[in-house]
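# Examination of the molecular architecture
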Amino acid sequence: MELSYGKKELEQIAKLYGIKGAYKLKKAELIEALLEAIPQKMPEILPMLDEIDIKNFEALLNQSKVIDNEDELECYYNLMELELVQLIEVDKKRQLIVADLVKEAYKKIDMVPIMQEIKLNSTMRRHIISILNLYGVVKLNWAVELYNRNHIQSINELELAQFVKKDMRLVCQCKVIEDYIVEETIYALDKTNFKDFIEATIDKEYYIPSQELLDKMYDERYYEPSIPIEKLKAYLKKTYIIEETLIEEAIIAVTMIARVDCDRSGQTMEIILEELANLGVEFKNLAEINEIVKHITAVVNGTRKWINKGFTTQELSPHVFDERTGQKIKVIDIGRNAPCPCGSGKKYKKCCSNK
């Protein structure tokens, strides 16, 4: 067991493994209790992992691994959190090892049913992360309905809610509030955000995604290709940025901010412009600001938003058109009382709103 853990960290691990009265034990006693409990609880703990974790774990059963840099630890974090593997130092080299007690316990486990449970858990986890990336907040019954539409083995609301509450990867990303699964961004900074969000969306319908889209939405950085995005890329490349990687980062920043945006004060555009500035975009004059705001607005209007329950603003505004292009649009409100994005320090209504 990694002795660098503090007492509080060990108590959290002890809670995971069902050790009662852990706070009463001294650190050395707690370590001994964990070494005994971990093998006993392994059949219950292993389903929290995924297939890659199991593959990495079985490789360590046969041979310890020397860790040369922090990046190498990333694929072992889940195993380390569950204390199935330990990080130790031997001859000034860090190594990942599996304790003999854990090795012996693992040999006695029938992994066939556990692997089946791991596959089911992995499927449910991907589903939850995907729909949270699409909706931000989603009712349990809709989450279940979407899952059962696309998977042979059906689940119910209670099963899904219990899974969200116990899965070690989901507990830090979301939680169940009332009968909703809520992404951490919604409630982390302000507990009233959840109620405000529900009030703003309760009468709206959910966008119905294909399974193909849900599979892609598992990656929070994913965005749907569109003409406005290609135009923004071309404008950035021509006017500001040379490197393709920075352009891609810029598009991801714009679409991710747009997706979670629920603000109507005009601050969202400011945040986007600040993010672009951080990537090297330097606005030379007012004309450039106005031009890039037009491109960003078109991208924002075509992005699936949490506040729209997965719909884009264009999809909810089918009768608004750009006269120059014939495309459906709805220009977002920068906010007349918001600071002008040109950086003058004046309010937008007294600066660029009429230019």
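Here's what I pulled together on the structure shown here. Treat the numbers as computed from the prediction; the structure is a model and nothing was measured. (Residues numbered from 1 in each chain as written. Predicted model: local features only at pLDDT ≥ 70, side-chain atom pairs only at ≥ 80, totals over all residues. Heavy atoms only, no water.)

## Details of the overall build of the protein chain
The secondary structure content of the protein chain amounts to 16 helices and 6 strands. A fraction of 60% describes how many contacts in the protein chain between residues 6 or more apart in sequence connect residues 24 or more apart. (Helix = DSSP H or I, 4+ residues; strand = E, 2+ residues; numbered from the N terminus. Contact = heavy atoms within 4.5 Å.)

## Thoughts on the pairing of strand β2 (residues 86-90)
Bridge count for β2 against strand β3 (residues 93-97) is 5 bridges, and the pairing is antiparallel. Across the sheet, Glu89 pairs through a bridge with Arg94, a residue of β3. Here β2 hands over to β3 after 2 residues, with Asp91 in that stretch at a positive phi of 50°. (Pairing = 2+ DSSP bridges.)

## Points about the pattern of salt bridges
For side chains of opposite charge, pairing can occur when their charged atoms come near one another. A complete count under the given rule lists 18 salt bridges for this structure. The salt bridge partner of Lys233 is Glu230, with a shortest N-O separation of 3.8 Å. Remark: Glu230 and Lys233 occur in helix α12 (residues 227-239); sequence separation between them is 3 residues, near one turn of the helix. Under the relative-accessibility criterion, Lys233 is labelled buried at 18%. (Salt bridge = Lys/Arg side-chain N within 4 Å of Asp/Glu carboxyl O. Buried < 20%, exposed > 50% of the residue type's maximum accessible area, 1.4 Å probe, protein only.)

## Things to note about the sheet that holds strand β1 (residues 65-67)
In space, the 3 strands of this open sheet follow the order β1-β3-β2, with antiparallel pairing throughout. Each edge of the sheet is formed by a strand with only one pairing partner; in this case those strands are β1 and β2. Pairwise comparison of adjacent strand axes, ignoring direction, gives a mean angle of 40° for this sheet. (Axes fitted to C-alpha atoms, helices over the stretch in contact; angles between N-to-C directions.)

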